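# Observations on chain architecture
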2 protein chains.
Amino acid sequence: MTTAYSQLRATFTRLSRFTHLSAVAGWDMQTMMPPEGSKARSEALAELSVLHHQILTAPKVGEWLEQATQEDLNDLEQSNLREMARQYRHSALLPESLVEAKSLAGARCEHAWRRQRPANDWEGFADNLREVVKLSRQEATLRAEAAGISRYDALLDLYEPGMTAQKLDGIFGELKSWLPQLLQTVVEKQRAIDFVQPHGPFAIDKQKALGLNVMKRLGFNFDAGRLDISAHPFCGGVPQDVRITTRYNENEFITAMMGVIHETGHARYEQNLPKEWLGQPVAHARSMGVHESQSLLFEMQLGCSERFLKSIFPLVIEQFGEREGLDVTNFINLNQRVQPGLIRVDADELSYPAHVILRYEIEQALIEGEIEVEDIPALWSSKMQQYLGLDTVGNYTNGCMQDIHWTDGGFGYFPTYTLGAMYAAQLFQTANKAIPTLQDDISRGDLTALFQWLNQNIWQHGSRFSTDQLMKNATGETLNTDYFRKHLESRYL
Amino acid sequence: MTTAYSQLRATFTRLSRFTHLSAVAGWDMQTMMPPEGSKARSEALAELSVLHHQILTAPKVGEWLEQATQEDLNDLEQSNLREMARQYRHSALLPESLVEAKSLAGARCEHAWRRQRPANDWEGFADNLREVVKLSRQEATLRAEAAGISRYDALLDLYEPGMTAQKLDGIFGELKSWLPQLLQTVVEKQRAIDFVQPHGPFAIDKQKALGLNVMKRLGFNFDAGRLDISAHPFCGGVPQDVRITTRYNENEFITAMMGVIHETGHARYEQNLPKEWLGQPVAHARSMGVHESQSLLFEMQLGCSERFLKSIFPLVIEQFGEREGLDVTNFINLNQRVQPGLIRVDADELSYPAHVILRYEIEQALIEGEIEVEDIPALWSSKMQQYLGLDTVGNYTNGCMQDIHWTDGGFGYFPTYTLGAMYAAQLFQTANKAIPTLQDDISRGDLTALFQWLNQNIWQHGSRFSTDQLMKNATGETLNTDYFRKHLESRYL
Ligand SMILES: [Zn+2]
Ligand SMILES: [Zn+2]
């Protein structure tokens with residue numbers, strides 16, 4: 001007998017194949033595509049996005065979802081059904097025309113941004129962004145009305161199921177109560193350190209070789225993924241073929257190396273999602289915050305720790321040889337340097353939350369209609385001054401145009417970075433208790449036990465549990481910001 | 001009023017967007033994809049191929065095609081309608097299940113071939129190929145019955161509309177009447193030449209730089225395309241973003257360089273198809289034979305000519321410096337060397353037709369059911385011996401497993417190579433008459449007039465005319481093998 005659930009299963013398998021093609025074409029767009037391919041690519045991706053929407057929101061799917069609740073399903077199937085319903089609900093709300101318009105406007109804005117950012121062309125960028133914001137507000141309104149929540153909460157729920165602006169105000173409010181003081185103390189303390197810029201240039205092929213070696217150390221499966229170059233580093237592709245990117249600068253190698261470590265954290269999560277469930281919603285990563293917890297666990301908890309940095313230092317020397325400024329103490333210092341700066345992706349972990357809170361406050365107001373696109377630069381400058389003491393007036397390139405996120409309407413995404421940082425601290429401290437040898441393992445460069453723990457507690461579960469449940473199973477409690485504070489204080493004070 | 005023709009136009013635009021995605025994912029599969037991505041990629045491409053088939057063969061499309069014949073259409077629209085009907089006819093015959101099975105079997109066979117070829121694993125390869133042949137015969141039978149033609153002719157028509165085995169027997173029969181003697185004479189004559197292998201190694205990054213410089217000279221638009229590496233060189237992507245590939249060998253650079261020149265010929269045709277019609281069937285290249293005429297015009301007519309080789313010799317020296325064996329006379333000799341060998345893609349233009357005729361005879365018998373897959377090696381060996389005097393017994397790697405064409409069921413394709421060579425000779429001799437300065441232009445490295453002539457006579461027309469009409473418009477007559485003979489005799493005797 002054909003059950004409603006098995007019909008749903010087949011439909012979502014089919015959808016995942018289209019998602020596969022859109023992931024490959026999207027990756028290619030960022031890494032390989034020449035400029036004249038842009039228009040046709042955007043149109044092709046928009047067409048696929050319309051198709052995806054049509055299949056997912058077909059009336060039959062709604063009926064099957066109803067019927068399947070009456071069918072005899074095991075735990076995992078029930079979780080899969082819950083995630084199917086979630087996707088359906090999120091999609092069925094939007095008319096096709098809005099889906100297509102958003103996809104086209106986003107691609108256009110992002111493509112132009114690649115030229116406009118280096119040209120500091122805020123006016124040109126704002127023209128495209130206004131269209132993106134208009135469509136995102138329409139989307140938010142539809143979602144908010146259906147769910148009976150605020151417009152911004154409705155978008156937030158797309159990336160971090162269960163999260164609300166009210167909860168975020170609490171969490172971010174707490175951070176604000178101790179972080180600025182801690183930041184100031186650490187900056188003061190680090191004045192005593194003599195940071196030396198290692199003497200470049202660092203040839204790009206050697207930086208790439210270092211990145212590949214570090215990825216190997218971190219267990220990246222090269223039979224199921226690649227490392228390439230893009231303007232904005234990301235982790236894309238599909239679980240069977242994960243594509244991470246970084247960008248290189250000949251003058252220094254640490255940013256690219258740490259970018260690779262970060263994306264490798266995302267990649268290992270993807271590469272270890274439950275194999276037998278791939279193609280089904282329950283096999284997706286739990287949330288953007290949980291995704292980011294894996295990249296930040298790799299980059300910040302593990303990657304910037306003294307023991308890990310010592311353990312990979314020989315790989316650095318292997319590529320670049322002995323050089324002025326390239327001693328292990330300075331290498332550690334540079335990776336633990338706290339220095340408020342303009343660029344979020346280059347920020348240390350103490351300044352990072354300030355960047356996120358700034359964007360959260362702006363995008364929330366933007367979506368709720370309290371401000372307009374033309375208000376962004378002034379707000380950006382005043383908050384940058386207030387939270388980090390930095391002046392960005394007139395500098396759009398490294399101000400509000402530094403990010404790719406808003407270009408395609410990803411409002412509601414930014415908070416997940418800092419949620420991820422806090423989940424990461426909580427998970428890593430728990431792993432340290434669970435694996436008594438972990439610190440020694442890190443020194444020896446043997447991360448097997450850590451990866452096993454992550455696989456058992458996070459990766460293999462995909463979306464089986466809610467984020468709260470996942471954290472509770474793994475650490476005994478839901479998100480607790482104390483872990484993050486404890487981590488920062490023990491590393492930096 | 002919405003006409004049937006405008007409905008068709010919208011449908012084919014939509015189809016071209018899916019073709020775009022399949023082209024990108026297919027290119028990626030050959031150039032970028034790690035091994036574990038293979039299964040999911042094949043499934044995704046098969047899913048898209050099923051979708052394409054569903055959209056193209058929907059009953060409405062058949063009705064619109066009928067109705068549109070009554071509508072008021074201009075010449076180009078009529079040509080577009082004719083090509084739409086051709087695509088519909090070719091697709092509507094095949095049941096979805098066969099389309100999907102063929103796509104899966106082809107992808108599996110091709111993927112395994114990448115390991116099996118270097119391992120000389122004929123048995124393993126034959127297992128997959130049998131499935132491909134079985135499905136191709138089913139396809140051929142359906143097409144043949146509908147069109148009232150033979151099974152092989154029905155496949156031939158997919159690549160070279162209007163071509164038949166009977167015509168080919170005539171053309172290839174004529175070639176066979178003078179080519180073996182000419183080949184022998186030239187091989188004898190060239191015994192007097194002292195060919196020197198230029199002293200390697202030739203670093204791959206320098207070979208790539210040379211390839212890019214030659215592409216520039218040949219007018220490749222780098223804002224709308226790329227050069228990459230794959231096991232089997234090809235020209236893929238879409239007209240707005242043409243992806244060509246080559247493969248490098250550190251021991252010699254001429255094969256890769258000539259491969260790039262060849263694919264650039266394909267690429268320029270694609271890049272210059274009628275812009276305002278892109279996405280519609282009439283904007284497609286006319287046929288595989290005409291496509292190959294452009295690559296062979298670039299590679300053989302132009303690329304291997306004394307004047308062109310002299311004109312690019314400085315680009316060669318620029319990369320590799322003065323070396324033993326790297327003088328201009330020897331460079332020309334090597335490019336005009338006639339030397340029957342095992343590998344089709346490395347063959348000189350005098351031996352090449354023998355490779356094609358051999359494959360034509362085998363694949364025709366295979367599709368007509370006169371032989372089976374296990375008969376291929378023996379037939380291959382005996383024909384290789386007969387046509388080129390070479391022994392391939394037991395050498396599958398460089399025998400019947402050397403090509404990618406049969407792996408995904410591309411039976412009927414091979415003859416287009418030699419048709420292309422003959423069209424190329426006819427077109428180039430006509431261009432030489434039309435452009436009195438052409439030979440001097442080539443020496444000066446200014447190919448503008450030639451490209452204008454090709455654009456006016458071939459590229460910009462897409463599929464507007466039949467191949468016969470296109471050749472007649474361009475050269476005053478349909479295919480005439482005398483041009484090819486004259487070209488070979490004047491270059492080699
Ligand atoms: Zn990340
Ligand atoms: Zn070709």
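What comes next concerns the included structure. Just so we're clear, the structure is a prediction, and the values are computed from it rather than from any experiment. (Residues numbered from 1 in each chain as written. Chains lettered and ligands numbered in written order. Predicted model: local features only at pLDDT ≥ 70, side-chain atom pairs only at ≥ 80, totals over all residues. Heavy atoms only, no water.)

### Section: the pairing of strand S2 (residues 235–238) of chain B
Residue and element names in this part refer to chain B. We count it as follows: Working definition: with a 1.4 Å probe on protein chains only, accessible area under 20% of the residue-type maximum means buried, over 50% means exposed, and in between means partly exposed. Helix and strand assignments come from DSSP, with helices taken as H or I runs of at least 4 residues and strands as E runs of at least 2, each series counted from the N terminus. Strand pairing is assigned whenever DSSP detects at least two bridges linking the two strands.
The alternating pattern of S2 places Gly236 and Val238 on a buried face and Cys235 and Gly237 on a face that is not buried. Inspection of the sheet shows S2 paired to strand S3 (residues 241–246) by four bridges, in the antiparallel sense. Residue glycine 237 lies in a different strand from S3, and its bridge partner there is valine 242. Counting the residues that bridge the hairpin from S2 to S3 gives two residues.

### Overview of the coordination of the zinc ion (ligand 2)
Residue and element names in this part refer to chain B. This is how it is decided: Each metal's donors comprise the N, O and S atoms found within 2.8 Å of it (within 3.2 Å for Na, K or Ca). Water is not part of the atom list, so some coordination spheres may appear incomplete.
Within the first shell, the zinc ion (ligand 2) binds the protein through His262 (NE2), His266 (NE2) and Glu292 (OE), at distances of 2.1 to 2.3 Å. Sequence positions of the residues that donate to the zinc ion (ligand 2) give the spacing H-x3-H-x25-E. Of the two residues, histidine 262 is situated in helix H10 (residues 254–271) and glutamate 292 in helix H11 (residues 288–303); the sequence distance between them amounts to 30 residues. Residue classification places glutamate 292 among the buried positions, given a relative accessible area of 2%.

### Looking at the packing of helix H14 (residues 352–367) of chain B against helix H16 (residues 415–434) of chain B
Residue and element names in this part refer to chain B. Note the threshold: Only C-alpha atoms enter the line fits that serve as axes; for helices the fit covers just the stretch in contact. Angles between N-to-C directions range over 0 to 180 degrees. Whether a crossing is left-handed or right-handed is set by the direction in which the near helix is turned from the far one by less than a right angle, anticlockwise for left-handed and clockwise for right-handed. Contacts are assigned to residue pairs with any non-hydrogen atoms lying within 4.5 Å of each other. Note on residue classes: Ala, Val, Leu, Ile, Met, Phe, Trp, Tyr, Cys and Pro are nonpolar, Asp, Glu, Lys and Arg are charged, and everything else, Gly too, is polar.
For the pair H14 and H16, interaxial distance at closest approach is 8 Å and the crossing angle is 145 degrees. In this structure, the crossing between H14 and H16 has a hand that is left-handed. Here H14 contributes Tyr352, Pro353, Val356, Tyr360 and Glu363 to the contact with H16, which in turn contributes Pro415, Tyr417 and Thr418. Its residues assigned to classes, the contact of H14 with H16 comprises six nonpolar, one polar and one charged.

### Considering the side chain of glutamate 83 of chain B
All names here are of chain B. Positionally, glutamate 83 belongs in helix H4 (residues 75–92). Judged by relative accessible area, which is 7%, glutamate 83 ranks as buried. Among residues more than four places away in sequence, those in contact with glutamate 83 are Pro281, Val282, Arg286 and Ser463.

### Description of the coordination of the zinc ion (ligand 1)
All names here are of chain A. Protein-derived coordination of the zinc ion (ligand 1) comes from His262 (NE2), His266 (NE2) and Glu292 (OE), at a distance range of 2.1 to 2.3 Å. Counting the intervening residues between successive donors of the zinc ion (ligand 1) yields the motif H-x3-H-x25-E. Of this pair, histidine 266 sits in helix H10 (residues 254–271) while glutamate 292 sits in helix H11 (residues 288–303); the two residues are 26 residues apart in sequence, bridging distant segments of the chain. For the pair histidine 266 and glutamate 292, one class covers both residues: buried.

### Observations concerning the pattern of salt bridges
Residue and element names in this part refer to chain B. In plain terms, the rule: In the sections that follow, a salt bridge refers to a side-chain nitrogen of Lys or Arg positioned within 4 Å of a carboxyl oxygen of Asp or Glu.
Within the structure shown, the criterion is met by 60 salt bridges over all chains. Put simply, arginine 137 and glutamate 372 hold a salt bridge, and the shortest N to O gap is 3.1 Å. On the criterion of sequence distance, the pair formed by arginine 137 in helix H6 (residues 122–147) and glutamate 372 in the loop between H14 and helix H15 (376–388) is long-range, its members being 235 residues apart. By relative accessible area, which is 15% here, arginine 137 ends up buried.

### Overview of the relation of the copies chain A and chain B
A rotation about an axis combined with a shift along that same axis relates the two copies of the chain. The condition is simple: Here the copies are superposed with least squares, the fitted atoms being C-alpha atoms of residues at a pLDDT of at least 70 in both.
Expressed as a screw operation, the relation of chain A to chain B combines 0.0 Å of axial shift with a rotation of 180 degrees, fitting to an RMSD of 0.0 Å. As the rotation angle and translation indicate, the two copies are arranged about a two-fold axis. Interface overlap between copies: 97% of the residues of chain A at the interface are likewise at the interface in chain B, consistent with a symmetric, same-surface contact.

### Considerations on the packing of aromatic side chains
Here is the rule we go by: In summary, the pairing rule links any two rings of Phe, Tyr or Trp, Trp by its six-membered ring, whose centres are within 6.5 Å, and it sorts them by plane angle into stacked for under 30 degrees, edge-to-face for over 60 and tilted for everything else. Each ring is checked for a lysine NZ or an arginine CZ that lies within 6 Å of its centre and within 35 degrees of its normal; such an atom marks a charge sitting over the ring.
Using the criterion set out here, one finds 40 aromatic pairs over all chains in the structure. Taken together, the ring pairs connect Tyr159, Tyr352, Trp380, Trp406, Phe411, Tyr413, Phe414 and Tyr417 of chain A into an aromatic cluster. We note arginine 337 of chain A situated over the ring of phenylalanine 195 of chain A; from NZ or CZ to the ring centre the distance is 4.0 Å. A cation over an aromatic ring shows up here: arginine 268 of chain B above the ring of phenylalanine 451 of chain B, its NZ or CZ 4.4 Å from the ring centre.

### Examining the nonpolar core
Test applied: Here, nonpolar core refers to any group of buried Ala, Val, Leu, Ile, Met, Phe, Trp, Tyr and Cys residues whose side-chain atoms link them within 4.5 Å.
Core analysis: the biggest nonpolar cluster contains 116 residues, and Leu218, Phe253, Met257, Phe331, Leu350, Ile376 and Leu450 of chain A have the highest contact counts within it. Among the nonpolar cores identified, the runner-up in size contains 114 residues, and Ile261, Leu366, Leu470 and Leu488 of chain B belong to it.

### So, the environment of isoleucine 317 of chain A
Residue and element names in this part refer to chain A. By secondary structure assignment, the location of isoleucine 317 is in helix H12 (residues 306–320). Taking relative accessible area as the criterion, isoleucine 317 reaches 18% and is therefore assigned buried. Measuring from C-alpha to C-alpha, the distance between isoleucine 317 and leucine 210 comes to 9.4 Å, with 107 residues separating the pair along the chain. Other than its neighbours up to four places away in sequence, isoleucine 317 contacts Glu322 and Leu326.

### Side note on the interface of chain A and chain B
This is how it is decided: Reported buried area values correspond to the accessible surface (1.4 Å probe) lost by two parts on association, with both partners' losses combined. N or O atoms closer than or at 3.5 Å make up a polar contact, with two conditions inside protein: a donor-capable atom paired with an acceptor-capable one, and, for residues adjacent in sequence, both atoms drawn from side chains.
Taken together, the contact pairs 35 residues of chain A with 34 residues of chain B. Buried area between chain A and chain B, both sides added, is near 3000 Å², and the carbon and sulfur share of it is 59%. When the buried surface of chain A facing chain B is broken down by residue, Arg17, Leu21 and Glu47 of chain A rank first, second and third, together holding 20% of it. Our count for the chain A to chain B interface comes out at ten salt bridges. There are 16 residue pairs in polar contact (both at pLDDT 80 or more) connecting chain A and chain B. Here the side of chain A that touches chain B is built from residues that sort into 16 nonpolar, seven polar and twelve charged.

### A few points about the sheet that holds strand S2 (residues 235–238) of chain A
Residues and elements named next belong to chain A. Pairing in this open sheet of three strands is mixed, and the strands run S1-S3-S2 from one edge to the other. Every interior strand has two partners, whereas the edge strands, strand S1 (225–229) and S2, have only one. Put simply, the sheet's adjacent strands are angled 20 degrees from each other on average, direction ignored. Strand direction decides the pairing type here: S1 and strand S3 (residues 241–246), joined by five bridges, are parallel.

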